[in-house]
Structures are given as structure tokens and as C-alpha cells.
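Commentary on secondary and tertiary structure
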Amino acid sequence: MQSVRARLSAPFAAAWGTVDERELLLVSLEDSEGNVGFGEAAPLPAYDGAGVEDVREALERYRGVLAPAVDGARADLLAACAAESGLAESLAAIDLALWDLEGRRRRQPLWKLLGAPAAPEVVVNATVSAEEPTEAAAQVGSARAAGFACAKVKVAVGDDAARLAAVRATGGDEMAIRVDANGGWSVEQAVEALGTLQRFGLELCEEPVHGVEAVARVAPCSAVSIAVDETAGAPGVFERRVCDAVCLKVARCGGVSGVLAAAAAARSVGYRVYLASTLDGPLGIAAALHAAALVAPELPCGLATLGAFADRPEVLVPRSGRMSPAPGPGLGDALVRWYH
Ligand SMILES: [Mg+2]
């Protein structure tokens, strides 16, 4: 296990706080034939509460399970780890490494192991991180020029209407604009704010409020389509459909296996599904891209986030608002050098 401190090129601000550097944990698993699979843990404590130390401790406990051999069945090894600690971010690291290892052993890309018919090409959104309207407009202008058809803008921070007016003016009528409040509103504030902001023609609002019951109160009163993100991890969220869509994340779902299970559960009650990153490194992003081959998201995915990091090699670069996994077996070749 190796700790990697990755600096962001600009502070990333949201209703939950600001991040200018994030710690990722890189794990590797080697089988008896010398094949090596890599995975990462991407906890973001300010965002979802899972602390890096907790994740590190869980990964240490998995050593006892995995050290004798990793040649066994993937699901059995993962279940044995889950019995030691069910922390999703730690399980995700092992799940990714086991899938990567299996791909390398069988010389197949992960999308093929998952049974998808073809390599995925995933429509992704750009992220407008600036709070200040002129800067936000400049960011959406760059995104439009780069071929993105969807941009995500933070709300519940500063002057949302001024920011959205600037983004709509520069992004143009064709740009799908989604907003993310990161649960920064109360039910009443959300209903009022979305009533005001809907004039900017919003694709959806992610996490207007936190919690299944609160989202269930906002959704029927909102002219803007509602998606859950943080609340997608809450108990009971897939028992009935409380809003339009759900945003799923590899780190929070416990890896590729967890994302596939969550997507199936979400679809079974009628949610639309898309995938996103929690400022993951390229192994996490690659895992989501491969999973998307099977999940087939109905909405653009929030996976174009590697550009937020400074001083890292360019990998998994979006082209005209779309992303595909790197070629090669498992999660793909040439991703691990990003961490060094
Ligand atoms: Mg979100």
C-alpha cells in the first residue's frame, strides 16, 4: 500500500468544503504466477466522512486475508475482506485490484470480463468549479470549445443566479447545465431556489438536500429533475423511487462489483443512473468507465475530473465530451505511472 498525495491545480470548492490536495492509497496484489493487479482507495473525508486513517486500517486488516494467496475466486476474497471491515472505500481498492489482476491473468480488458459487448465510450460532463460568475463563464467556454455538451455547476454557494446566468450565456442554449447543491439547502430553501433557478434551463439538480425523506419532499415540488448523490449511500434509498436519478460512485459503492449491484437495485425501482468520481485517480476513473459498459448510464457521467490535478501525466483524457478506458488488460495500461 502506497500513499499518494495529489495536488489539485486550483482549490475545489463545494458546499461541504474546499480541497486543494487529496490523499489516495494505491494497493497492489500479486498472484502466484507473478501477475500484478492495482487498485486505489479514494476516500474524501470532507465529502463522505470516510477518513484516510480508517481506510488504511481496514486495508491493513485485509492483508491477513489476502497475504496467503490471491489466486482464489474474486468474490470469495472480497467477501472475506468484507468480513474484516465493510468500509466501502477500502473494499473498492481491493475489488479494483482483483478485477485488474483477473484481467491481466486472462489478458482481457475489464469491460470484456464484465460481459459487455464492446469497449465503452462514455458521455461525460465538464465541471465548472469557479464560484465567481466571470470565471465560471470562462470555464464553461473552455468546456464548450473542447466539445462537452454538459457542464456541472456548484450551487448553494454564493450568488447562484449570477453564476448560472453567466454560464448559460457563455455555454449557449445547447449546453446541458446540471447543478449540484451537495445537500447545502433545507427542503424549503431547495424548493425556493430551484423555482428561481429553473429559468436557466437545468438538466437536473444533484443532491439539493441530504437524506431520503428530505429528497422525497423536494422532488415533487421541483420543476427541475432531481438526482441523489451523497444520499445514494443512505439506507432505504433503493426501496422506492424518491426522485428521477441516482449518481453512483465506485469508491462509495465498494468498487466495480458494488456499482453494478447498486445500479441494478436503482433501476429495479425506476431511477435513471449515471456514474461519477469523488476526485478519484485514474484507476478509479478507469473502473467506472469499464463499469459503464454494462451500466449504460442514461445521463452524462462525472468522470472527467483528472484534469483537476496538477503535475500528473495526462491519462484518460476526454475527447469531445466522451471518455473510453485505456487499452490493455484489466483496468488498462499505463495508469499506475500517474501515481508516482
Ligand atoms: Mg455531487
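First things first, this report covers the structure right here in the doc. (Residues numbered from 1 in each chain as written. Predicted model: local features only at pLDDT ≥ 70, side-chain atom pairs only at ≥ 80, totals over all residues.)

**What to know about helix α3 (residues 74-84)**
This is how the line gets drawn: For every residue, the other C-beta atoms within 10 Å of its own C-beta are counted; 20 or more classify it as buried, 12 or fewer as exposed, and values in between as partly exposed. C-beta atoms are placed from the backbone. Put simply, DSSP marks the helices as runs of H or I at least four residues long and the strands as runs of E at least two long, and each gets a number from the N terminus on. Each direction from the helix axis to a C-beta atom contributes to the arc, which is the arc of those directions. Here, residues touch in the contact sense if the C-beta positions derived from the backbone fall within 7 Å of one another.
Three or more residues of α3 are buried, namely L77, L78 and C81. For α3, the angular spread of buried residues about the axis comes to 95°, placing them on one side. Facing away from the buried side of α3, by more than 90 degrees, are the exposed residues A75, D76, A79 and A83. For α3, the elements touching its buried residues are α2 (52-66), α4 (88-106) and α11 (256-268).

**Describing the pairing of strand β3 (residues 36-41)**
The criterion, for reference: Pairing between two strands requires that DSSP report at least two bridges joining them.
Summarising burial for β3: 5 of the 6 residues are buried, a large majority. Summarising the sheet, strand β2 (residues 17-30) and β3 pair through 6 bridges and their orientation is antiparallel. When the bridges of β3 are listed, S28 appears paired with F38. With antiparallel pairing between neighbouring strands as the criterion, β2 and β3 make up a hairpin whose turn holds 5 residues, including G34 at a positive phi of roughly 90°.

**Focus on the sheet that holds strand β6 (residues 150-154)**
Pairing between sheet strands relies on hydrogen bonds along the backbone, with the strands arranged either parallel or antiparallel. For the record, the criterion: Note on method: axes are straight lines fitted to C-alpha atoms, helices fitted across the in-contact stretch only, with angles between N-to-C directions ranging 0 to 180 degrees.
With parallel pairing, the 7 strands of this open sheet are ordered in space as β5-β6-β7-β8-β9-β10-β11. The two strands at the open ends of the sheet, each matched to only one other strand, are β5 (126-128) and β11 (272-276). Across this sheet, the average inter-strand angle for adjacent strands is 30°, counted without regard to direction. The strands that helix α6 (residues 133-145) touches are β5 and β6; relative to β5, the one it contacts most, it runs at about 170°.

**Regarding the packing of helix α7 (residues 160-171) against helix α8 (residues 187-197)**
Condition: Working definition: roughly parallel below 35 degrees, roughly antiparallel above 145 degrees, roughly perpendicular at 65 to 115 degrees, and oblique for all remaining angles. In this scheme, a crossing is called left-handed if the near helix is turned counterclockwise away from the far one by less than a right angle; it is called right-handed if the turn is clockwise.
Running from N to C, α7 and α8 point in directions that differ by 30°, and their axes come no closer than 11 Å. Relative to α8, the element α7 is oriented roughly parallel. Handedness of the crossing formed by α7 with α8: right-handed. Side by side, α7 and α8 meet where D160, A161 and L164 of the first sit next to A193, T196 and L197 of the second.

Nothing here speaks to function; it is geometry throughout.
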